[in-house]
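# Analysis of the macromolecular model
Okay, here's what each chain looks like letter by letter:
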Amino acid sequence: MSNIQELTFPRSGNAQALDIAKIREEFPILQLQVRGNPLVYLDNAATTQKPLAVLDRIQRYYREENANIHRGVHYLSEVATRHYEEARVNIARFLGARHSHELIFVRGCTEGINLVASSWGKQNIKAGDEIILSALEHHSNIVPWQILAEEKGAIIKVIPINDAGELLIDEYEKLLSERTKLVSVLHVSNALGTVNPVKQIIDLAHAYGAKVLIDGAQSTPHFPVDVQELDCDFFVFSGHKIYGPTGIGILYGKEELLLAAPPYQGGGDMISRVSWEGSSWNVLPYKFEAGTPHIEGSIALTEAIRWFSEIGLEQIAAHEGALLERATEAVADIPGLRLVGTARNKASVLSFVLEGIHPNDIGALLDANGIAIRTGHHCAQPLMDRLNIAATARASFAVYNTEEDVDVFAAGLRRVQSILG
Ligand SMILES: Cc1ncc(COP(=O)(O)O)c(C=O)c1O
């Protein structure tokens, strides 16, 4: 497509210390008072808040560019189509994909994984084949494979973890065999923060000819990812977890796999020709994008990526790492507190239990002071079963969080412990 405005996404920003106060000014929601207190938002692993750049981009789209894309011959349709396709080109650069048509716009990780299971999976997984997942997985990377395995008579195997929440790679190697057709694992655990050695996992799987899907829901917000360097076969992420809108995400798949896989949904745009005798499919990526897509979502997601790339993902990672360290130290001597997830390599998540106090009560009492954390099983019930707990409380950090946020959270937690402990 002509006139594409190509963006670059440097891994490092301007190498100066981050000006968090200035960054916070770009998030109107962070100025809220909640129940009479300044909002302390520590539920970033569930979803991040959105900067003005993203909010303004959505407004601009609807004020100046809105039209349905493709096939339109009028001005607005051309503008909307150009920005939509520009988004694909730029997000492909962000992920390091070889071709922009290897990126499919989906609703998020969940839809991306379901797409692979329903399309590539149905075509390639047969009775007796094995799919390897990990003990850390989010339900969205378990249930689609269970549905497929049941339908096909395939077998799911699970990479176990140690008590720190780290995958046991030796055990993984023992699970691999010629029967392994797919390995699907998350990059970073939403429940524990563990960063998995996905490059090693991918290389080991490839030695057996298995394909690998990486769930990047919790890695893309925190550090640079390059799908060609990883050599993963599929990769998914959700826009709303990286400062972009909800309802938009990316499925990356290697060209040859997407070319050979059947469509996921039928409808407009995914066909090249329809007749009563039958239909034929459009080229990539449109074969997988039936119906009117989330046009402004894809455009605003690009704006989100541009926004945080300008700050620099490496600087963001360093800032969040320092917050995690501070939080870990700040809560260490709270009586009855036990961290859940103590992997050596962790990103941005502090999960814990307080003896004798239900995590929901911790969350409710912190909320009374304007502190937002998440409590529950974090859509990882098999992981909770493995850890012999029903739920945890979880604080998770983003670029706009401050040391003061951490201190307010730790003080709030001490109050909870003194009231209910
Ligand atoms: C690791 C992981 N995978 C998948 C998902 C699902 O993402 P979405 O709900 O955006 O599809 C989440 C969301 O919390 C997640 O943390």
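Our subject is the structure listed above.
Residues numbered from 1 in each chain as written. Predicted model: local features only at pLDDT ≥ 70, side-chain atom pairs only at ≥ 80, totals over all residues. Heavy atoms only, no water.

Its boundaries defined by the atoms lining it, the largest pocket holds a volume of some 410 Å³. Ala-46, His-138, His-240, Lys-241 and Cys-379 are, among the 25 residues lining the largest pocket, the residues nearest its centre. When contributions to the lining of the largest pocket are tallied by element, the ones reaching two or more residues are helix H4 (109-124) and strand E16 (374-376). By residue class, the composition of the lining of the largest pocket is seven nonpolar, twelve polar and six charged. (1 Å grid on protein atoms, 1.4 Å probe; cavity = no way out; pocket = protein on both sides within 12 Å on 5 of 7 lines; lining within 4 Å. Points joined across faces, edges and corners; volume = space filled by probe spheres on them. Helix = DSSP H or I, 4+ residues; strand = E, 2+ residues; numbered from the N terminus. Nonpolar A, V, L, I, M, F, W, Y, C, P; charged D, E, K, R; others polar.)

As a general feature of sheets, a regular strand has side chains that alternate between the two faces. In terms of residue burial, strand E17 (residues 392-396) counts as a mostly covered element, since five of its five residues are buried. Residues Thr-392, Arg-394 and Ser-396 line one face of E17 and the alternating positions Ala-393 and Ala-395 line the opposite face, and both faces are buried. Two strands pair when backbone bridges link them, and strand E14 (residues 349-354) and E17 are joined in this way by four bridges, in the antiparallel orientation. Opposite Val-349, over in E17, you have Ser-396 as the bridge partner. In this sheet, E17 lies alongside E16 in antiparallel orientation, the contact comprising three bridges. Residue Gly-376 lies in a different strand from E17, and its bridge partner there is Thr-392. (Buried < 20%, exposed > 50% of the residue type's maximum accessible area, 1.4 Å probe, protein only. Pairing = 2+ DSSP bridges.)

Turning our eyes to something else, we now look at the sheet that holds strand E7 (residues 180-186). Spatially, E4-E10-E9-E8-E7-E5-E6 is the arrangement adopted by the seven strands of the open sheet, whose pairing is mixed. Single-partner strands in this sheet number two, and they are strand E4 (103-106) and strand E6 (155-159). Between one strand axis and the next, the sheet turns through 20° on average, direction left out of account. As defined by bridge partners, E7 adjoins strand E8 (residues 211-215) across five bridges and the pair is classed as parallel. When the sheet's bridge partners are listed, Ser-184 is paired in E8 with Leu-213. (Axes fitted to C-alpha atoms, helices over the stretch in contact; angles between N-to-C directions.)

Glancing now at the site of the ligand. What surrounds the ligand is a group of 13 residues, the closest being Thr-110, Asp-215, Gln-218, Ser-238 and Lys-241. Here a nitrogen atom of the ligand sits 2.5 Å away from a polar atom, N or O, in the side chain of Asp-215. Coverage of the ligand by the protein chains reaches 85% of its 390 Å² of free accessible surface. A majority-of-atoms criterion places the ligand in the largest pocket. (Near = heavy atom within 4 Å. Polar contact = N/O pair within 3.5 Å; in protein donor to acceptor, adjacent residues only side chain to side chain. Areas by Shrake-Rupley, 256 points an atom, 1.4 Å probe, with all protein chains shown as cover. Sits in = over half its atoms within 2 Å of the grid points.)

Spatially, four strands are ordered E13-E14-E17-E16 in an open sheet, and the strand pairing comes out antiparallel. The strands lining the two open edges of the sheet, one partner per strand, are strand E13 (337-339) and E16. Sheet twist, expressed as the average angle between the axes of neighbouring strands with direction ignored, equals 30°. Relative to E14, E13 runs antiparallel, the two being bridged by three bridges. Following the sheet pairing, Leu-337 is matched in E14 by Leu-354.

Now for helix H11 (residues 313-331). With 19 residues, H11 should cover 27 Å at 1.5 Å per step; its first-to-last C-alpha distance of 27 Å lies within 8% of that length. Along H11, the residues that are buried comprise Leu-313, Gln-315, Ile-316, His-319, Glu-320, Leu-323, Leu-324, Ala-327, Ala-330 and Val-331. Of the surrounding secondary structure, the elements contacted by the buried residues of H11 are helix H1 (20-25), helix H3 (75-95), helix H10 (295-311), E13, E14 and helix H14 (403-420). (Expected span 1.5 Å × (residues − 1). Contact = heavy atoms within 4.5 Å.)

Another point: empty space enclosed by the protein. Under the criterion given, the structure shown has one cavity of 30 Å³ or more. The space that makes up the largest cavity amounts to roughly 80 Å³. Looking at the largest cavity, it is lined by 14 residues, and the ones nearest its centre are Asn-44, Thr-48, Pro-221, His-222 and Phe-397. Across the lining of the largest cavity, the residue classes tally to six nonpolar, six polar and two charged.

Time to look at the pattern of salt bridges. All chains considered together, the criterion is met by 23 salt bridges. For Glu-65, the salt bridge goes to Arg-57, with nearest N and O atoms at 3.0 Å. By relative accessible area, which is 7% here, Arg-57 ends up buried. One salt bridge connects Glu-403 with Arg-326, and the closest N-O pair in it is separated by 3.4 Å. You can see Glu-403 sitting in helix H14 and its partner Arg-326 sitting in helix H11, a full 77 residues away along the chain. In this structure Glu-403 comes out as partly exposed when scored by relative accessible area, which is 47%. (Salt bridge = Lys/Arg side-chain N within 4 Å of Asp/Glu carboxyl O.)

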